[in-house]
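# Working through the structure, step by step
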Amino acid sequence: MAQSCLWIVALPLTAFVIQALVGKRLPRHGDWVSVLAILGSFVLATPIFLKLLSSGHVNDSLQFNWMVMPGVQKAVTITVGVLVNNLTAIMLFMVTLCASLIHIFSTGYMHGESRYHLFFAYISLFSAGMLGLVISDNLLTLFMCWEVMGLCSYLLIGFYYQKLSANHASLKAFMTTRVGDVMFFLGICGLYYVFGTSNLTQIYEGIKSGVGSNVTLVGMPALTFIGFMLMMGTIGKSAQFPLQVWLPDAMEGPTPVSALIHAATMVAAGVFLLVRTYPVLEAAQIVLPVVATVGALTAFLAACIALVQVDIKKVLAYSTISQLGFMVLGMGVGSFAPGFMHVITHACFKACLFLASGSVIHAVHTQDMREMGGLRSKMPITFLTMFIATLAIAGVPGFSGFVSKDRILGDALAYGMTHPTLMWIPILGFITAGLTAFYMFRLIFMTFFGHARDEHKHHHAHESPITMTFPLMVLAGLSFAIVFAGPTGIHSIDANLLPVHWFDHALENVKTEMGVKGLHVSEEVEHHAHSLAMVISLVVAGLGIFLSALTYLKKVISAEAFEKALKPIHTLLWNKYYFDDFYIKGIIQKLFLPLTVVMAKFDDKVVDRILVDGWARVAMVLKSIIGKFDDVVVDKVAVDGSGTVVAAGGWVLRQLQTGKVQQYLILTFIVFGMLLFYMTR
Amino acid sequence: MNLLDFSNSIEGYLLVSSILLTLGIFSVLTRKNAIGILLGVELILNAAGINFVAFSKFHLAALDGQMVTLFIILIAAAEAAVALAIILRFYRLKQTIDADEASLLRN
């Protein structure tokens, strides 16, 4: 099982390599390579998921040594590997399914774009990154895949690189998530410091046996520090308050990218990190209430902004942030299983919403909802699927969003009842649920109902090809509650394919495996809170839809009048609470820009002038000394000197060679005579 | 015994050969004419030949010395032929047989 997981990652990765190298020359620019690869991953992920459904429990792992480093006392071995548990099985199935559908959708949506092959290369790499993250059994490889996704996100947001805004958006996304990533890495370092490993299973075991409960790090309990750092990772990746600014801008990318990365999978990776490291967060003090606060604030603030947006994708982007806030809120209050369930349900219906919006944009060539309207008859499939997904996100009973969101809110209410000072968290949650219903139906009404506001665009609109509508239909099918919380009423499905409450069983198993405690309130409180929460969420959702219908369908309430009456609030929301202005004008221009100027000065004056140029001077002096030595001692004295000596000796000896034979003879006789004289003496 | 009768002692022979050697060396060292030098060389060779014969006669009582002397005469003839040939070639080159002019290998 773990073996096939490796293949699940390897297939899209191979597709990326092929696409990046030769994609341009393949027939159809190689889109089929990527599509087949991800479909292959889906086929491999399915048996794992089916095993989970039939037995309610999968657990397999695979490890191999990555690095063996000689240490001081013992060798340090870093292992990497695969951990397949129930969470992984569900995520793998969801990710490969969504990614496959989005790949197929892209073949229609991106048709005829330049750099078509590169688009598929990027989304293949992205899929490989996400799948790698899901199967990683340790935080190091998880972090690598996390960064691969960050890179792909950057590349895909800036896919239309001719557009200045796309460039800015890609940079913004990359730099903003970087803040979270650095802290996440510090968290991993902290975990390694405390547990001596980054392996998740070993960390779970360590937490169970109470390791690290009395270790301190930077002046606070180590686990608290780690918990906060992991939370920051999630905040960056899942666009939580206060780092939510990048996600709306990320809509500059092609719409399938928005669906794949910025709704279904990558942003869910942040929440998935919380899920994977949940025991650590539980063992840490005061981290979870902070997580819940962040989630609640994000959900509420983003939902408010979504009310005033007119760009169809921006509305969905803010709704994504808001829904991610719900998940984080759920994690924070201890609603482990519903929080994770919301990741999955949200991925399905949000992918559907984004793809449907892509289909609309494809048809009318604008993203401004004010120029749409009356598209219901023109695009029936897109309308129907988007409507179903909207019912799901709005929390209408019978749809998947209701199941997960209602449980989160129920747990949050129970949490608020036991911690009265944090009662405002569930209250914010309920308000957000109402707002969600309101703005989502606003989107539906403005896009598909009423009369056409732009006759020309309306006239040319048409239903998208089957490659685009088929994924919509599948995803809309997954937006029904029965998929997640059975019973379907059909015996053969209930008994074999989708056992009733399969999700809860799977999550219960994994909770005991990981040692997750979850929300612990008395049964009475829980029961009470859940029935109350269901009533409240039904009321707020109904109210939201009703008000939305009155405002945008029946036009009984004038949106313009409201806008005028609440001008300051509208302006505040229109400017996204001035977060971007604060970051850009405040932090970046006031703080970082002067800092960069100082750094540049330092670099220029100290590093360049003193260190680099100074060393150059020293080298020059040394050079001249060595040059002199070489010139004088080696060349003049040693080389030329020996030559001169030989030449002089040669001149002396040459003088004897007079060429006069008799002179030689005289010398010979003299020497002979002298020899004779000395030898006979 | 007559003072001047050297016939039965070696001194007479050695005296003659010494005179011949001295004359030969003197001629070789002083003559500028190449043929003169060649003649001097012949005198030296003959002095050596007389010595061989004399020592053979008085001290060996065998004919070894005489044998060597025959070789010396032979070699002297060959040497004279080669030397004369060189001198002729030299004359062709320099229009003179002055030994001092034969200084091409000087310095």
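These numbers come from a predicted model, not from an experiment.

Bringing the overall build of chain A into the picture now. Broken down by element type, chain A carries 28 helices and 4 strands. The C-alpha atoms of chain A give 36 Å as radius of gyration, which overshoots the globular expectation for 681 residues (26 Å, by more than 25%). Summarising its shape, the C-alpha atoms of chain A cover approximately 145 × 65 × 50 Å along the three principal directions. Burial statistics for chain A: of 681 residues in total, 49% are counted as buried.

Scanning chain B from N- to C-terminus turns up 3 helices and 0 strands. Shown N-terminal to C-terminal, the secondary structure of chain B runs as helices and strands in the order α-α-α. For chain B, whose C-alpha radius of gyration is 18 Å, the value lies well above the compact-globule estimate of 13 Å for 107 residues. A separation threshold of at least 6 residues defines the contact pool for chain B, and within that pool the share at least 24 residues apart is 46%.

Look at the link from F241(A) to P242(A): it is a cis peptide, with omega at 5 degrees. Counting through the fold element by element, P242(A) comes out in the loop between α8 (222-237) and α9 (246-249). In the Ramachandran plot, A239(A) falls in the positive-phi region, its phi being about 55 degrees despite a non-glycine side chain. With respect to the secondary-structure elements, A239(A) resides in the loop between α8 and α9. The backbone of Q95(B) shows a phi angle near 60 degrees, a positive value even though the residue is not glycine. One can find Q95(B) in the segment after α3 (64-94).

Our next topic: the interface of chain B and chain A. Contact residues are listed per partner, giving 11 residues for chain B and 10 residues for chain A. Taken together, the residues of the side of chain B that touches chain A break down into 7 nonpolar, 2 polar and 2 charged.

Turning next to helix α18 (residues 424-448) of chain A. Taking 1.5 Å as the rise per residue, α18(A) with 25 residues should run 36 Å; its terminal C-alpha atoms sit 36 Å apart, in good agreement. Taken across its 25 residues, α18(A) has 21 buried, putting it largely inside the fold.

Our next topic: the nonpolar core. C98(A), A351(A) and C352(A) are the most contacted members of the largest nonpolar core, which totals 218 residues. Contacts of A351(A), omitting those with residues within four sequence positions, involve C98(A), I102(A), A259(A), A263(A), A264(A) and L475(A).

All names here are of chain A. The geometry of helix α1 (residues 2-22) relative to helix α4 (residues 116-135) is characterised by a closest axis approach of 8 Å and an angle of 160 degrees between their N-to-C directions. When the axes of α1 and α4 are compared, the pair comes out roughly antiparallel. Between α1 and α4 the crossing geometry is left-handed. Along its contact with α1, which presents C5, I8, V9, P12, L13, A15, F16, Q19 and A20, the element α4 presents H117, F120, A121, S124, L125, S127, A128, L131, G132 and I135.

Residue and element names in this part refer to chain A. For strand β1 (residues 60-69), the tally of buried residues reaches only 0 of 10 residues, placing the bulk of the element at the surface. Across 9 bridges, the pairing between β1 and strand β2 (residues 76-84) is antiparallel. Counted as the bridge partner of S61 is L83 from β2. Connecting the antiparallel pair β1 and β2 is a turn made up of 6 residues.

Before going further, it helps to examine helix α23 (residues 502-514) of chain A. Along an α-helix, residues three or four positions apart point the same way, because every turn accommodates 3.6 residues. All names here are of chain A. With 13 residues, α23 extends 18 Å between its outermost C-alpha atoms, agreeing within 8% with the 18 Å of an ideal straight helix rising 1.5 Å per residue. Those residues of α23 not exposed but buried are W502, F503, A506, L507, V510 and M514. Relative to the axis of α23, the buried residues are bounded by an arc of 120 degrees and lie together on one face. Looking at the buried side of α23, the elements it contacts are α2 (31-55), α3 (86-109), α7 (200-208), α12 (278-283), α15 (336-364) and α21 (482-485). One or two steps after α23, the chain reaches G515, where phi turns positive at roughly 80 degrees.

This part takes up the environment of A83(B). Relative to the assigned elements, A83(B) resides in helix α3. A C-alpha to C-alpha distance of 9.2 Å links A83(B) and A34(B), two positions 49 residues apart in sequence.

Before going further, it helps to examine the packing of helix α13 (residues 287-308) of chain A against helix α26 (residues 567-574) of chain A. All names here are of chain A. Taken N-terminus to C-terminus, the directions of α13 and α26 make an angle of 105 degrees; their axes are 8 Å apart at the nearest point. Judged by the angle between their axes, α13 and α26 are roughly perpendicular. Of the residues in α26, those in contact with C304, I305, L307 and V308 of α13 are H570, L573 and W574. Residue composition of the contact of α13 with α26, grouped by class: 6 nonpolar, 1 polar and no charged.

Looking now at the environment of I97(B). All names here are of chain B. Examined against the element boundaries, I97 turns out to sit in the segment after α3. I97 sits in the partly exposed class, given 18 other C-beta atoms within 10 Å. A C-alpha to C-alpha distance of 7.8 Å links I97 and I35, two positions 62 residues apart in sequence. When sequence neighbours within four positions are dropped, the list of residues in contact with I97 reads N33, A34, I35, I87, F90 and Y91.

Detailed reading of the predicted coordinates is not advisable wherever pLDDT falls low. When pLDDT is averaged along chain B, the result is 87, and 93% of the positions lie at 70 or above. Scoring the predicted complex yields pTM 0.74 and, for the interface, ipTM 0.79.

Turning to the environment of L413(A), a few remarks are in order. Residues and elements named next belong to chain A. As for its position among the elements, L413 is in helix α17 (residues 400-418). Judged by C-beta crowding, with 29 C-beta atoms within 10 Å, L413 ranks as buried. The sequence separation of L413 and P426 amounts to 13 residues, and the corresponding C-alpha distance is 5.3 Å. The residues contacting L413, other than those within four sequence positions of it, are P426, A529, L532 and A533.

Each value, and the rule that gives it
Residues numbered from 1 in each chain as written. Chains lettered and ligands numbered in written order. Predicted model: local features only at pLDDT ≥ 70, side-chain atom pairs only at ≥ 80, totals over all residues. Helix = DSSP H or I, 4+ residues; strand = E, 2+ residues; numbered from the N terminus. Rg over C-alpha atoms; globule rule 2.2 N^0.38 Å. Buried ≥ 20, exposed ≤ 12 C-beta atoms within 10 Å, placed from the backbone. Contact = placed C-beta atoms within 7 Å. Nonpolar A, V, L, I, M, F, W, Y, C, P; charged D, E, K, R; others polar. Expected span 1.5 Å × (residues − 1). Core = buried A, V, L, I, M, F, W, Y, C linked by C-beta atoms within 7 Å. Axes fitted to C-alpha atoms, helices over the stretch in contact; angles between N-to-C directions. Parallel < 35°, antiparallel > 145°, perpendicular 65-115°, else oblique. Left-handed = near helix turned anticlockwise from the far one by under 90°. Pairing = 2+ DSSP bridges. Arc of directions from axis to C-beta. pLDDT = per-residue confidence, 0-100.

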